[in-house]
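Single-letter residue listing:
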Amino acid sequence: MTGGDLGGWEMVVGLEVHCELKTATKLFCGCPNVFGDEPNTNVCPVCLGLPGSLPVLNQQAVELAMAIGTALGCEIRPSTFHRKNYFYPDMPKDYQISQYDEPINVDGHLELPDGSVVGIVRAHLEEDTGKTTHAGGTGRIHGSDYSLVDYNRSGVPLVEIVSAPDIRSAAQARAYAAELRGVLVATGASDGRMEEGSMRVDANVSVRRGPDAPFGTRCEIKNLNSLRSLARAVEYEARRQIEVLESGGTVAQQTRHWDEDAGRTVTLRSKEEATDYRYFLEPDLVPVVPDAQWITAVADTLGMLPAARRARLVDLLRADGGAGGAGAAPTAAQQDQIATVVDLGLDDLVVGTVAAGVAAPLTLARAANEAATEPELARGLDPVAFAALLGMEESGSLSATQVKSVLAELMRSGGDPAAIAAAKGFEALAEDTLVATVAELVAAHPDEWQRFCDGDDKLAGFFTGQVMKATQGKANGKAVAAELRRLRG
Amino acid sequence: MSPAGATPAPALALADAIRSGERRAVEVVEASLAAIAERDGELHCFNLVLADQARARAAEVDRMVAAGEDPGPLAGVPVALKDNLCTRGIDTTCSSRILAGWRPPYDATVVTRLARAGAVVVGKTNMDEFAMGSSTETSATGPTRNPHDTSRVPGGSSGGSAAAVAAGFAPLALGSDTGGSIRQPAALCGVVGMKPTYGTVSRYGLVAFASSLDQIGPFATTVADAAGTFDVIGGHDPADSTSLDRPTPRVLSVLDEGIAGLTVGVVRELLDGADADVVARIRAAAEVCAAAGARVEEVSVPEVALGLSAYYLIAPAEASSNLARYDGVRYGLRVEAPDAASMNVATRTAGFGAEVKRRIMLGTYALSAGYYDAYYGQALRVRTRIIEGFERAYRTCDVLLGPTSPTTAFPLGERLDDPLAMYLSDVCTIPSNLAGHPAISVPFGTGGDGLPVGAQLLAPALGESVLFRAAAVLEAGAPPAGDPGAVDPGAGGAVTGEGAR
Ligand SMILES: [Zn+2]
């Protein structure tokens, strides 16, 4: 399924993103907040909801929520907690403590890389539930023999970020989630891992006849475990609703489940089956009232956000000039490289390497394409060493292939790139050796040479490959191309 | 240890004798266990008697004394705990089938504080199921009987604790008070019962009924013992977010300061609907205050009349949420069923008694979409009005006075099938819970039936000092036991003078 034209219809999407906060302990108790431990080892009377236990609010969670609010340009306000009442075995108190009509963050926005802006309605604190595994039988809720509940996740702090219904395409929904993830990681609030469930996305989707028509009835889509699922599900759901409307039906307000394998959404429950959560003010907690001093202190801890980090790289390219000359906008390929580098946290490496004298386009390309294959290791790279390595490529003393090989070693073990190159036997090919080798190969392949001389430029690749083979990859590709052109005249 | 003006404090005197080596804790505890063994079969104050644990703990107290260590201000004093206070490794049932056999992995903060003060827990006392009731008859373990007349109820919900102290099983007990559950049984059993300011005693480890109203407090035979116990259990606890992080009034040391020059307001609306003999006792109590040098005036706080209906929306609403966790999944009763939802229903159907079910349904309804504002929302607004009404009264008064219960102890079974009549038992005590204010019930003579009457004193938030001073005055001026109500004016006057004892 591809995005694009909806035949005069417009989709309207709002996203609810649940983000697990990277606190040391849970939201209301001192249990460790760790993913992946043995089931039911990080539990205590409070997060098991034992009779008589009481919640105590985690200050670090409040501060991370405030950091998210600050990063999203929200107003940070006095807030309260409510109880959301419903029965579910993995919810130990059979109510969830959540912020309701007085959330800590309201009225923010997120600017996406393409310049579009999505409003943020609120970003509030709440506790996570435990996790149920249905076992035996079919392994699904209905038909399993028994269920196992792990309460390690019970009480883990979450921030739920609710966007305004400002999103108009599947691509924009994906870009919003990706950008939000970058912001969450940059604030230190979350590791943003969708596959581990530390960032979970629900989408509210409706369609209407053009931008001035009233909003249609919306459906909420659950089980979106990746950015790809999100984009596919939103696109599918919008088209499903359009089909219903165009065949004269009406869209029923529903919660729907995204089936990744089947590539479609299916009904989970209708509006009539929706639970009455009987919200009321949580009597076991007191209001959280952040004062101006606290808000400022949290804001001061915030690092650079993804948008600013991207802008910094664009500025580097512009100052350098690159292929397009000074002041030119980055190419589409370079924009992708910038996104990758920022997403993987390699932008400091790029900035440091350029500062050490390497051209920005080359640095960006090598960081996004080569260093990015091992992002963990790449973040530990010394920019001076990386600059020395790329300098050898610029000067032609190492080929691109050789740079890749040296870089892998440099990331794993560190050291001096020149020494690594020498140890690998990557001395630069002497100029006369290269000239001699090219001449030899031209003589050995007269037919190919003739075709190259007749204007078939593809044959340049053939000869370059032959030279590389003959020199065990030591030749510089650019130098070979130049020599071939010189010989052709 | 006991202050000059007040009646001697048996519990504190016991502790002093044990700390000085004059008496041994093991003997004191043995006497308590013997009394329980002799008469609790008849009264059923206890769900569980902890004889072995109590003996071991008493021996430890004696060992500390012998070693020259101080076991604390309640050294060796037998204490009974309401069965909704969590005790590590010891059954905590709330007198409900649904929690039968549940052993908490932790102690309530008050239990820890009592232990640190040297007290010896002798057992867990009977109560109305989940503290929902005013007679201890909704208990799944059967009713407690009033030691003064075993055909009568002890009041509730902390009826087991009140009756245990009245029967002499233990000189001290703890209860919880959500709408009068300490003060009303204290009045009906003829002992002192006190509900502290909301937030002065940690609720950590108190199995919740209605979280915004619940507060733990002491039962004792004297005001001084209640004061000494309040000093031990009160104070900030970081484990309870609603615990006040500010100094809790110390009360034992101010007991003999009297109330000369203070103003005591007799609340007209608390007298409305009370039996004539109860009203007569409260009038007499007012005279005792006047004789002690206080200015006594009648005040009107019309808002308190709204308390009952607001309470019976707020408390069930919170309870419907607090009791949701008894779902058969993690602890307590589980009735097996094919899936989680039906296991839930089957467990709750079998595990809860009729009154608990009634309140869960009432509370669920009050919070439901479309009804919230008319019921729960309205009740919250009434709550605010009650606080304002008290504020007005406290502009001119230091303490307020009224009956604790409109009647003396009523016969077992009389109100069990008439919830409204039962709910009316709490009409005088509920306003303090809604306001979060402290209040105390002090025995003050008997009614025409010869059963105890309690005089209730109310004070503003954190007004425990003045509350206990006034309570000590009433105690000293109360008619002697067996005397239905002849007031000895000299007794009240002597409180501020010398040699009151
Ligand atoms: Zn925990």
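Bear in mind that the values here come from a model prediction, so they are computed numbers and not experimental data.

Q: Let's hear about the domain arrangement of chain B: which residues, and what values?
A: All names here are of chain B. For chain B, the domain assignment lists domain 1 (11–242 + 253–305 + 384–498) and domain 2 (306–383). A separation of 27 Å is found between the C-alpha centroids of domain 1 and domain 2. Listed by partner, the interface residues are 35 residues for domain 1 and 30 residues for domain 2. Together, the buried faces of domain 1 and domain 2 total about 2,900 Å²; carbon and sulfur atoms form 61% of this surface. In this structure, the connection of domain 1 to domain 2 is made through zero salt bridges. Run the count over domain 1 and domain 2 and you get 25 residue pairs in polar contact (both at pLDDT 80 or more). Among the elements that take part in the side of domain 1 that touches domain 2, helix α13 (residues 373–396) stands out by supplying four residues, more than any other. By residue class, the composition of the side of domain 1 that touches domain 2 is 21 nonpolar, nine polar and five charged.

Q: Got a sec to walk through the side chain of Arg83(A)? Specific residues and values, please.
A: Its place among the elements puts Arg83(A) in strand β3 (residues 82–85). The exposure class of Arg83(A) is buried, given its relative accessible area of 0%. Engagement of the side chain of Arg83(A) in a polar contact is seen with the side chain of Asp284(A), the distance being 3.1 Å. At a separation of 2.9 Å, a polar atom in the side chain of Arg83(A) contacts the side chain of Asn322(B).

Q: Report on the sheet that holds strand β2 (residues 78–82) of chain B, specifying residues and quantitative values.
A: Residues and elements named next belong to chain B. Sheet architecture is open: eleven strands sit in the order β1-β3-β2-β4-β6-β5-β10-β11-β9-β7-β8, paired in mixed fashion. Pairing within the sheet leaves two strands with one partner each, and these edge strands are β1 (46–49) and β8 (295–299). Between one strand and the next, the sheet's axes are offset by a mean angle of 30°, whatever the strand orientation. Relative to strand β6 (residues 215–220), strand β4 (residues 172–177) runs antiparallel, the two sharing six bridges. Its bridge partner being in β6, Asp177 is matched across the sheet by Gln215. Here helix α2 (residues 25–43) sits on the sheet and contacts β1, β2 and β3 (120–125); the angle it forms with β1, its principal contact strand, is near 135°.

Q: Please give an account of the nonpolar core that cites residues and values.
A: Counting residues in hydrophobic clusters, the biggest one holds 135 residues, and the most contacted among them are Ile161(A), Tyr176(A) and Phe130(B). Sorting elements by how many residues they give to this core places helix α10 (residues 307–322) of chain B first, with nine residues. Not counting chain neighbours up to four residues away, the residues in contact with Phe130(B) comprise Cys94(B), Ser96(B), Ile98(B), Leu99(B), Val207(B), Phe209(B), Leu323(B), Tyr326(B), Phe352(B) and Val356(B). Residues Ala15(B), Ala58(B), Cys189(B) and Ile259(B) belong to the second largest nonpolar core, which totals 100 residues.

Q: Any chance you could break down the coordination of the zinc ion for me, citing the residues and the numbers?
A: Geometry sets the ideal angles at a metal, namely 109.5 degrees for four tetrahedral donors and 90 or 180 degrees for six octahedral donors. All names here are of chain A. The zinc ion binds to the protein through Cys29 (SG), Cys31 (SG), Cys44 (SG) and Cys47 (SG); the donor distances cover 2.3 to 2.4 Å. Considering all four donor atoms around the zinc ion, angles at the metal cover 101 to 115° and the coordination shape is tetrahedral. When its relative accessible area of 4% is taken as the criterion, Cys47 is described as buried.

Q: Explain the pattern of salt bridges residue by residue, including any values.
A: All names here are of chain A. Considering all chains together, one arrives at 52 salt bridges over all chains under this definition. In this structure, the salt-bridge partner of Asp347 is Arg309, at a minimum N-O distance of 2.6 Å. Taken together, the residues Asp347 in helix α7 (residues 347–355) and Arg309 in helix α5 (residues 306–320) connect sequence positions 38 residues apart. Across this residue pair, the class does not change: Asp347 and Arg309 are buried.

Q: Quick rundown of a nonpolar patch on the surface? Include the residues and the values.
A: Judged by side-chain polarity, Tyr365(B), Tyr371(B) and Tyr375(B) come together as a nonpolar surface patch covering roughly 280 Å² of accessible area. Mapping Tyr371(B) onto the fold places it in the loop between α12 (354–367) and α13.

Q: Residues and numbers for the environment of Tyr331(B), please.
A: Summarising the element assignment, Tyr331(B) is placed in the loop between α10 and α11 (340–351). C-alpha of Tyr331(B) to C-alpha of Ala17(B): the two residues are 314 residues apart in sequence and 43 Å apart in space. Dropping the residues within four chain positions of it, Tyr331(B) is found in contact with Gly49(A), Leu50(A), Pro51(A), Leu99(B), Trp102(B), Arg325(B) and Tyr326(B).

Q: An account of the packing of α2(B) against helix α3 (residues 51–66) of chain B is requested, with residue identities and associated values reported.
A: Residues and elements named next belong to chain B. The interhelical angle for the contact between α2 and α3, taken along N-to-C directions, is 160°, at an axis separation of 8 Å. As summarised for this structure, α2 and α3 are arranged roughly antiparallel, according to the angle between their axes. Crossing hand, α2 versus α3: right-handed. Only Ala51, Ala54, Arg55, Ala58, Ala59, Val61 and Asp62 of α3 make contact with α2, whose side of the interface consists of Ala25, Val26, Val29, Glu30 and Leu33.

Q: Go over helix α1 (residues 10–19) of chain B with me, naming the residues and quoting the values.
A: Given 3.6 residues to a turn, an α-helix orients residues that are three or four positions apart in the same direction. Of all the positions in α1(B), only Ala11(B), Leu12(B), Leu14(B), Ala15(B), Ala17(B) and Ile18(B) are classed as buried. Where α1(B) is buried, its residues meet α2, α3, β2, β4 and α7 (223–233) of chain B.

Q: Quick rundown of unusual backbone geometry? Include the residues and the values.
A: Backbone torsion omega between Gly156(B) and Ser157(B) reads 10°, so that peptide bond is classified as cis. Relative to the elements of secondary structure, Ser157(B) occurs in the loop between β3 and α5 (159–166). The residue Asp107(A) is not glycine, and still its phi comes out positive at about 60°. Of note, Asp107(A) is situated in strand β5 (residues 105–111). Residue Asn223(A) is not a glycine yet carries a positive backbone phi of 70°. Classification of Asn223(A) by relative accessible area gives partly exposed; the value is 31%.

Cut-offs used in this document
Residues numbered from 1 in each chain as written. Chains lettered and ligands numbered in written order. Predicted model: local features only at pLDDT ≥ 70, side-chain atom pairs only at ≥ 80, totals over all residues. Heavy atoms only, no water. Domains from an automatic or database assignment. Contact = heavy atoms within 4.5 Å. Buried area = accessible area lost by both parts, 1.4 Å probe. Salt bridge = Lys/Arg side-chain N within 4 Å of Asp/Glu carboxyl O. Polar contact = N/O pair within 3.5 Å; in protein donor to acceptor, adjacent residues only side chain to side chain. Helix = DSSP H or I, 4+ residues; strand = E, 2+ residues; numbered from the N terminus. Nonpolar A, V, L, I, M, F, W, Y, C, P; charged D, E, K, R; others polar. Buried < 20%, exposed > 50% of the residue type's maximum accessible area, 1.4 Å probe, protein only. Pairing = 2+ DSSP bridges. Axes fitted to C-alpha atoms, helices over the stretch in contact; angles between N-to-C directions. Core = buried A, V, L, I, M, F, W, Y, C linked by side-chain atoms within 4.5 Å. Donors = N, O, S within 2.8 Å, 3.2 Å for Na, K, Ca; no water. Tetrahedral: all angles 85-135°; square planar, octahedral: opposite > 155°, others 65-115°. Patch = residues over 30% accessible without salt bridge, like charges linked within 9 Å, V, L, I, M, F, W, Y side chains within 5 Å. Areas by Shrake-Rupley, 256 points an atom, 1.4 Å probe, with all protein chains shown as cover. Parallel < 35°, antiparallel > 145°, perpendicular 65-115°, else oblique. Left-handed = near helix turned anticlockwise from the far one by under 90°.

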